[in-house]
Amino acid sequence: MEDTVSELLEQERQAKAKYQGLLTRLHGVVERRLLERIISNKAFEIESLKLLRSGKVPERFIGFGMVSEDEVNFRESPSPYATVVSILSRETPVILTERRGNWVGIQLYDGKDGWVFRDYVHLLE
C-alpha cells in the first residue's frame, strides 16, 4: 500500500502544480475562483495521502474541515481557559474527530490533536 500511496501523492502534487500554473494565466473572476477551489481540493488530497502514509489516521472521524478565520487558537482541551498549543491560520485543513458543546476536536494532518471553537471551523461537504 505504501508504494501506491507514494505514487498517488506524487501524481497529486504534479497535478496541483499544473493547476497553479494555469491559474496564473486566467483572467476571469469565475474561472479563477473555480480553479482556486480545485487547487484547494488537491491540497486536501495531498494532505490526506500524507496522513495515510504517516499512519496517523484518527480513530474517530466526523469529516474534513477547514479553519475559517485568521489566528485561531488550537487548544489542549475544549475550554477557553485551556492551554493554547498553537495558532492556526485561515484555510488550514483539519479532520474533525469529535463534538463537545461549542467545541470541535480536530486532528491536524501532522497528527496533532486539539480543540477549536466550532464557529472557527467549516465542515467540508
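Residues numbered from 1 in each chain as written. Predicted model: local features only at pLDDT ≥ 70, side-chain atom pairs only at ≥ 80, totals over all residues. Heavy atoms only, no water.

## Describing the packing of aromatic side chains
Next up, step 1: Going through the model one piece at a time under the given rule, you end up with three aromatic pairs.
Next up, step 2: Consider the rings of Phe 61 and Phe 64, whose centres lie 5.1 Å apart with planes at 70°: the pair is edge-to-face.
Next up, step 3: Accessibility expressed as a relative area gives 33% for Phe 64, which makes it partly exposed.
Next up, step 4: Where Trp 103 meets Phe 117, the ring centres are 5.7 Å apart and the plane angle is 85°; that geometry is what we call edge-to-face. Here the residue Trp 103 occupies a position in strand β5 (residues 103-108), and Phe 117 occupies one in strand β6 (residues 113-117), the gap between them amounting to 14 residues. (Phe/Tyr/Trp six-rings, centres within 6.5 Å; stacked < 30°, edge-to-face > 60°. Buried < 20%, exposed > 50% of the residue type's maximum accessible area, 1.4 Å probe, protein only. Helix = DSSP H or I, 4+ residues; strand = E, 2+ residues; numbered from the N terminus.)

## A few points about the nonpolar core
Next up, step 1: Formed by Val 67, Val 72, Phe 74, Leu 88, Val 94, Leu 96, Val 104, Ile 106, Leu 108, Val 116 and Val 121, the largest nonpolar core amounts to 11 residues.
Next up, step 2: Secondary-structure elements contributing two or more residues to this core are β2 (72-75), β4 (93-100) and β5.
Next up, step 3: When residues in this core are grouped by element, the largest group, three residues, is from β5.
Next up, step 4: Discounting chain neighbours no more than four positions away, the residues touching Val 67 are Val 72, Leu 88, Ser 89, Arg 90, Glu 91, Thr 92, Val 94, Tyr 120 and Val 121. (Core = buried A, V, L, I, M, F, W, Y, C linked by side-chain atoms within 4.5 Å. Contact = heavy atoms within 4.5 Å.)

## A few points about unusual backbone geometry
Next up, step 1: The backbone of Glu 71 shows a phi angle near 50°, a positive value even though the residue is not glycine.
Next up, step 2: As for its position among the elements, Glu 71 is in the loop between β1 (63-67) and β2.
Next up, step 3: For Glu 91, which is not a glycine, the phi torsion comes out positive at approximately 70°.
Next up, step 4: As for its placement among the helices and strands, Glu 91 is situated in the loop between β3 (84-88) and β4.
Next up, step 5: Residue classification places Glu 91 among the exposed positions, given a relative accessible area of 54%.

## Examining the pattern of salt bridges
Next up, step 1: Taken as a whole and judged by the stated rule, the model has eight salt bridges.
Next up, step 2: The salt bridge involving Lys 50 is made with Glu 47; its shortest N-O contact spans 3.1 Å. Residue Lys 50 and its partner Glu 47 are both found in helix α2 (residues 29-54); the two are separated by three residues, about one turn of the helix.
Next up, step 3: Measuring nitrogen to oxygen at the nearest pair gives 3.1 Å for the salt bridge that ties Asp 70 to Arg 90. Note that Asp 70 is positioned in the loop between β1 and β2 and Arg 90 in the loop between β3 and β4, a separation of 20 residues in sequence. (Salt bridge = Lys/Arg side-chain N within 4 Å of Asp/Glu carboxyl O.)

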